[in-house]
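Examining the three-dimensional arrangement
Here's the letter readout for the chains.
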Amino acid sequence: MNDFPRWKIWSIILVLLAGILFAIPSLIPESTAQRIGIGGLPRINLGLDLSGGSHLLLEAQTADVAKQRLDLMEDSVRQEVRRASPAIDIGDISTANGALAFFVRDPAQLDSAVEKVRALTNPVGVTGQRDWNVTVVDSTKVTMTPTTAGMNAAVENAMQVATEVVRRRIDELGTKEPTIIRQGDDRIVVQVPGLQNPEALKSLLGKTAKLEFKLVDLTADPTQVAKGIAPAGSQILSYPSNPSGVPFIAVQRRAIINGDELSDANPGNDQQSNAPVVNIKFNSAGARKFARVTQANVGKPFAMILDNVVLSAPNINEPILGGSAQISGNYTVQSANVMSIQLRSGKLPVALKVIEERTVGPQLGADSIHAGIIASVIAALAVVIFMLLTYGRFGVYANLAVIINIFVILAVMAFFNATLTLPGIAGFVLTIGTAVDANVLINERIREEQRRGRNPIQSVELGYKEASRTIFEANTVHFISGIVMLLLGSGPVKGFAIVLLIGIFVSYFTAVFFTRMLAVSYLRRKRPSVLHI
């Protein structure tokens, strides 16, 4: 017991002093921390329920995924039959009721056509199914129908990508600790602490930011376009700022370049009008493709399309070789910045609709913090008085351990940039109780050893040795519970689990090592003949 080396004492003291130091920034206002020169130290982030902020529940429009798959498969089929040797002669490809169909003009090429389109389908996981069913009708018509397994896999993949895109867009806002989690198969929960304007968040997340450049179909009959009828291979899109006054325009279905080939997007101002614009830059592959297309189509108009709305349709006066372009569309400075973020973070693979929104005011969060502080203070005072009256000097040691325990937990949470939520405060109060519990076990064990006639040194040594095993086993059970909550829980449950897990490690350290150090120091100095415990 007396073998408590000096290096161990100093190690414990330094660790706890560091814990207290790193806890201070989280206990004072950020402006004060900046003023006294510790603003750069990590501090705890407050969750939505404590600091206020915005909560959105987004639901994916899965019908978009089905339509995108249909369009993509249509393009793939056209390319495959064209590349076949000899080329396969097919009629127009029709899409109706979620299926795709086409006629093979030469019956002798039917088997070759079926083989080509079947090669475009893929297996779905280990289900044994493919993502499309290919069937032949009336000996000349090939139909492709998406399977349920294929559709589910496509939605799952789209939701994974959408969640990541949402995360990137919110990160670009510079917000701290947003919560972005999947809920069910087609929903995403977004909570942004500190953001009191949900409209800005909805504006940022509400667009898919699907950017495409397509050639304008000059063969289209304006009368037919006004009726919404497009020539084969083209489509009618909304064009609100069309100089001709017709709010529609016919463009070729195939995009000459799209937003996936962007390398950067930044807000700027037009050099002539000084109006806010978005400057975009293509990657090397996109720049080569853009240069090639503009070289081959000088004098023809092309459309800049965002989310299926044509922003502008300028003429290609000369080849654009620099890999850069400018998007203008009646932007404000703020909307140009939002658009830049959306383009940089990538397009959403599926449109997201806001089905629930809430704003938590900072006053409600302040009330929660106030109530949490009162609960923590009352719990700590009750524990301090109980330990002091029950165990005397060793109760003082336990109380010091509890107080330092609080500081170190705050420091560890700040170091890991953790977020404190209302359930986290509950976990905090619970941790105070478990920290004292360990000291109760130690002190009762020391009492028991004294009653067996052992001297103070032997009682303390055996008390810590025997109780440490029990404390370790009890904390292991708590640790397992906390890990399960952390892995399977979300939101408030996860916040509770994080505080609980940190508290388990810290309370074990302060109870077993810190109080033992104090007890050894007392025994070395005073060498008492009996312990009043």
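Residues numbered from 1 in each chain as written. Predicted model: local features only at pLDDT ≥ 70, side-chain atom pairs only at ≥ 80, totals over all residues. Heavy atoms only, no water.

**Remarks on the sheet that holds strand β14 (residues 276–282)**
Spelled out, the test is: Strand pairing is assigned whenever DSSP detects at least two bridges linking the two strands. The numbering of helices and of strands both runs from the N terminus, where a helix is a DSSP run of H or I of at least 4 residues and a strand a run of E of at least 2. Structural elements are reduced to axes, namely lines fitted to C-alpha atoms, with helices fitted over the stretch in contact, and the angle between N-to-C directions of any two is expressed from 0 to 180 degrees.
Strand order across the open sheet formed by three strands is β13-β14-β17, with antiparallel pairing between neighbours. Only two strands of the sheet have a single partner each, and these edge strands are β13 (262–269) and β17 (324–327). In this sheet, neighbouring strand axes are inclined to one another by 25° on average, regardless of whether the strands run parallel or antiparallel. Direction of pairing for β13 relative to β14: antiparallel, over a ladder of seven bridges.

**Quick word on the domain arrangement of the protein chain**
Operational definition: Domain delimitation follows an automatic or database domain assignment. What makes two residues a contact is simply this: any of their non-hydrogen atoms within 4.5 Å. Two parts lose some accessible area (1.4 Å probe) when they are put together, and adding that loss for both gives the buried area. The term salt bridge refers to a side-chain nitrogen of Lys or Arg lying within 4 Å of a carboxyl oxygen of Asp or Glu.
Examined at the domain level, the protein chain breaks down into domain 1 (6–47 + 363–526), domain 2 (62–152) and domain 3 (207–358). Taken together, the seven residues of domain 2 in the interface contact five residues of domain 3. In total, about 530 Å² of surface goes out of reach between domain 2 and domain 3, with carbon and sulfur atoms giving 39% of it. The largest per-residue losses of area from domain 2 upon contact with domain 3 belong to Asp 64, Gln 68 and Asp 75, which jointly make up 45% of the total buried on that side. For the pair domain 2 and domain 3, the number of links is zero salt bridges.

**Concerning the layout of surface pockets**
The line we're drawing: Points on a 1 Å grid, built from protein atoms alone, make a cavity when a 1.4 Å probe fits but cannot get out and make a pocket when they are open with protein on both sides within 12 Å along at least 5 of 7 lines; residues with an atom within 4 Å of a point are the lining residues. Grid points are joined across faces, edges and corners, and a volume is the space filled by probe spheres set on the points. Note on residue categories: nonpolar means Ala, Val, Leu, Ile, Met, Phe, Trp, Tyr, Cys or Pro, charged means Asp, Glu, Lys or Arg, and polar means any other residue, Gly included.
For the largest pocket, the calculated volume is near 1,600 Å³. For the largest pocket, the lining is made up of 48 residues, of which Gln 68, Asp 71, Leu 72, Lys 210 and Lys 347 are closest to its centre. When residues of the lining of the largest pocket are traced back to their parent elements, those giving at least two are α4 (62–83), α6 (148–172), β9 (211–215), β12 (257–258) and α9 (284–296). For the lining of the largest pocket, the element with the highest residue contribution is α4, accounting for twelve residues. Partitioning the lining of the largest pocket into residue classes produces 20 nonpolar, eleven polar and 17 charged. In terms of domain composition, the lining of the largest pocket takes at least three residues from each of domain 2 (62–152) and domain 3 (207–358).

**With respect to the sheet that holds strand β5 (residues 132–137)**
An order of β3-β4-β6-β5 is seen for the four strands of this open sheet, with the pairing classed as antiparallel. With partners counted over all chains shown, the strands left at the sheet margins are β3 (94–96) and β5, one partner each. Along the sheet, successive strands turn relative to each other by an average axial angle of 20°, direction set aside. One ladder, built from six bridges, connects β5 with strand β6 (residues 141–146); its direction is antiparallel. Looking across to β6, one finds that Val 134 is bridged to Met 144. Sitting on the sheet, α4 touches β3, β4 (99–103), β5 and β6, and the angle it makes with β4 is about 25°.

**A few points about a nonpolar patch on the surface**
How we decide: Patch members must show over 30% relative accessible area and no salt bridge, and they are joined within 9 Å when carrying like charges or within 5 Å when they are nonpolar side chains of Val, Leu, Ile, Met, Phe, Trp or Tyr. Each accessible area value is a Shrake-Rupley result obtained with a 1.4 Å probe; residue values ignore everything except the protein chains displayed when judging cover.
A cluster of nonpolar side chains, namely Phe 479, Ile 480, Val 484, Leu 487, Leu 488 and Phe 505, defines an oily patch on the protein surface of about 650 Å² accessible area. At five residues, helix α14 (residues 456–488) tops the list of elements feeding residues into the nonpolar patch. As for its position among the elements, Val 484 is in helix α14.

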